[in-house]
Amino acid sequence: MLSYFFVDTGAVPARKANFTLEIQVSFQPAFNDLSSPLSLKFINTLKLQLEALCRAADPQSFEKVEIIKLSEGSVIAESVAEYSYANNETQIQFVNSQLDGVLTNILNDTSNLRKISQAFNSSSVTLNGLTFQPPAITNVTDLKPFVNCTQFANYTAEISNGQWQCVGPCKTNPDYCHQHGQCFNDIHKGPTCRCFESSLEQFYGPQCDLFRRGPGFYGALFGSLAAALLLLIIIVIAVIVKKKYMGVWKRNNSYDRRLSAFEEDFFDFSDTGVHNLGLAGTYTSHGFRPHLENVDTQLQFTTRRPEILNINPR
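Note that the structure is a prediction, hence the values are computed from the model and not measured.

Criteria and thresholds
Residues numbered from 1 in each chain as written. Predicted model: local features only at pLDDT ≥ 70, side-chain atom pairs only at ≥ 80, totals over all residues. Heavy atoms only, no water. Core = buried A, V, L, I, M, F, W, Y, C linked by side-chain atoms within 4.5 Å. Buried < 20%, exposed > 50% of the residue type's maximum accessible area, 1.4 Å probe, protein only. Helix = DSSP H or I, 4+ residues; strand = E, 2+ residues; numbered from the N terminus. Contact = heavy atoms within 4.5 Å. Pairing = 2+ DSSP bridges. Axes fitted to C-alpha atoms, helices over the stretch in contact; angles between N-to-C directions. Polar contact = N/O pair within 3.5 Å; in protein donor to acceptor, adjacent residues only side chain to side chain. Parallel < 35°, antiparallel > 145°, perpendicular 65-115°, else oblique. Left-handed = near helix turned anticlockwise from the far one by under 90°. Nonpolar A, V, L, I, M, F, W, Y, C, P; charged D, E, K, R; others polar. Phe/Tyr/Trp six-rings, centres within 6.5 Å; stacked < 30°, edge-to-face > 60°. Lys NZ or Arg CZ within 6 Å of the ring centre and 35° of its normal. Arc of directions from axis to C-beta. Salt bridge = Lys/Arg side-chain N within 4 Å of Asp/Glu carboxyl O. Disulfide = S-S within 2.5 Å.

Draft legend 1. Looking closely at the nonpolar core. Counting 48 residues, the largest nonpolar core has F19, L46, L103 and I116 as the members making the most contacts within it. Here this core gets seven residues from one element, more than from any other, and that element is helix α1 (residues 37-57). Among residues more than four places away in sequence, those in contact with L46 are L21, I23, I67, A77, I116 and F120. Listed in part, the eight residues of the second largest apolar core include C170, Y176, C193 and C208.

Below is the structure:
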């Protein structure tokens, strides 16, 4: 965002101060012609002294001193000092309201008059009068006709900080890049935008008014989807494994219950019916009564425990 100030100071009217000095030297007829060699010599000597004094009153705005007439009476030199109006409100007010007092004090100072006297062989010099013409410019707004911004593309003139400036569109239209880019004023082509870009989002277009997602956004999106899919697969596998384990546990538990029931039934000798297992003697439901008198007590024998057949159901 650049600004320039361009005021045609050559076209701005100057503030003029008219004053006369009386120099105690003999008047020469040649002084009636300001272009005569004798007049030019006298004028150049006087101007050299006056320019130094008038510049001291305001070095910033001082332009020049002109000797406009040499009259008889010793020599009466009528002079004009010109001060320009700067593109600055403070400086304009100084020229209009304070310069006359400062210049009057300088030209009335005896030490300064002595310097002029020495330039003319110590002839006496007196300030006869000093008047300022009415201000041509009263404030900075009066300089508007002299402000020219046409050499800058799309620039306009406005007052900023007490002075005229040629301001580019980036300042007059802060939203030119739609807050999505940095605006630059090209003095030849006009405003240009440098759009903001990141890995997630990108703005583009002459005024950064268009938008698209950056590669980082899609990378993050697909990465998140892949992570979610992987998590879902893990959950499904975990559910399947759990269900399969629970099914095996239930089958083993059912088998154990059937085996327990088989054992109880196989070794339960209490029954309401009459059974003959091939042993001598009889027994009823009321009790088993073997005939021990027929048993050979000297006979030794061993028995084997019943084997449990492990049948794994499929």
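Draft legend 2. Structural view of the sheet that holds strand β2 (residues 15-23). With antiparallel pairing, four strands are arranged side by side in an open sheet as β3-β4-β2-β5. At either margin of the open sheet sits one strand with a lone partner, and together these are β3 (62-72) and β5 (125-132). Geometrically, the sheet is characterised by an average inter-axis angle of 20° between neighbouring strands, direction not taken into account. Strand direction decides the pairing type here: β3 and strand β4 (residues 75-83), joined by nine bridges, are antiparallel. Among the inter-strand pairings, S71 is bridged to a residue of β4, identified as I76.

Draft legend 3. Spatial organisation of helix α2 (residues 89-97). Buried within α2 are the following residues: Q91, I92, F94, V95 and N96. Close packing links the buried residues of α2 with β2, α1 and α3 (99-108). Among the residues of α2, the N-terminal cap falls to N88, whose side-chain oxygen and the backbone nitrogen of T90 are separated by 2.9 Å.

Draft legend 4. Structural context of the packing of α1 against helix α4 (residues 110-119). Axis separation between α1 and α4 bottoms out at 9 Å; the angle between their running directions is 160°. With respect to each other, α1 and α4 are oriented roughly antiparallel. Crossing angle aside, the handedness with which α1 passes α4 is right-handed. Contacts between α1 and α4 involve T45, L46, Q49, L50 and L53 from the first element and N112, K115, I116 and A119 from the second. Residues that form the contact of α1 with α4 fall into these classes: five nonpolar, three polar and one charged.

Draft legend 5. Region of interest: the side chain of S71. Here S71 is to be found in strand β3. For S71, a relative accessible area of 16% translates into the label buried.

Draft legend 6. Region of interest: the packing of aromatic side chains. Within the structure shown, the criterion is met by six aromatic pairs. Centre to centre, the rings of F203 and F211 are 5.2 Å apart; their planes meet at 50°, and the pair counts as tilted. Taking the relative accessible area as the measure of exposure, F211 reaches 38% and is therefore partly exposed. Joined through ring pairs, the aromatic side chains of F27, F31, F42 and F120 make up one cluster. In this structure, R212 is placed above the aromatic ring of Y204, and the distance from its NZ or CZ to the ring centre is 4.3 Å.

Draft legend 7. Representation of α4 in the model. Of the positions making up α4, those classed as buried are N112, L113, I116 and S117. The arc that holds every buried residue of α4, seen down its axis, measures 145°, which confines them to one face. In this fold, the buried residues of α4 make contact with β2, α1, α3 and β5. At the exit of α4 stands N121, carrying a positive phi of roughly 60°.

Draft legend 8. The arrangement of the pattern of salt bridges in detail. Under the definition given, this model contains three salt bridges. The salt bridge partner of E82 is K16, with a shortest N-O separation of 3.9 Å. Note that E82 is positioned in strand β4 and K16 in strand β2, a separation of 66 residues in sequence. Judged by relative accessible area, K16 falls into the partly exposed class, the value being 30%.

Draft legend 9. Representation of the state of the cysteines in the model. The final tally for this structure, using the stated rule, is four disulfides. Disulfide pairing is shown between C149 and C166; the S-S distance is 2.0 Å. Sign of the S-S torsion, about -85° for the bond between C149 and C166, identifies this disulfide as left-handed. Of this pair, C149 sits in the loop between β5 and β6 (156-160) while C166 sits in strand β7 (residues 163-167); the two residues are 17 residues apart in sequence, bridging distant segments of the chain. Its relative accessible area of 9% is what places C149 among the buried residues. With relative accessibility at 0%, the residue C166 sits in the buried group. Between the sulfur of C195 and that of C208 lies a disulfide, 2.1 Å long from S to S. Its S-S torsion of about -100° marks the bond between C195 and C208 as left-handed, since a negative value means left-handed. Residue C195 is located in strand β9 (residues 190-195), and its partner C208 is located in the loop between β10 (201-204) and β11 (210-213); the two are separated by 13 residues in the primary sequence. Residue C208 is classed as buried on the basis of its relative accessible area of 0%. With its disulfide-bonded cysteines labelled consecutively along the sequence, the chain is connected as 1-2, 3-5, 4-6, 7-8.

Spatial relationships are all this shows, so hold off on functional conclusions.
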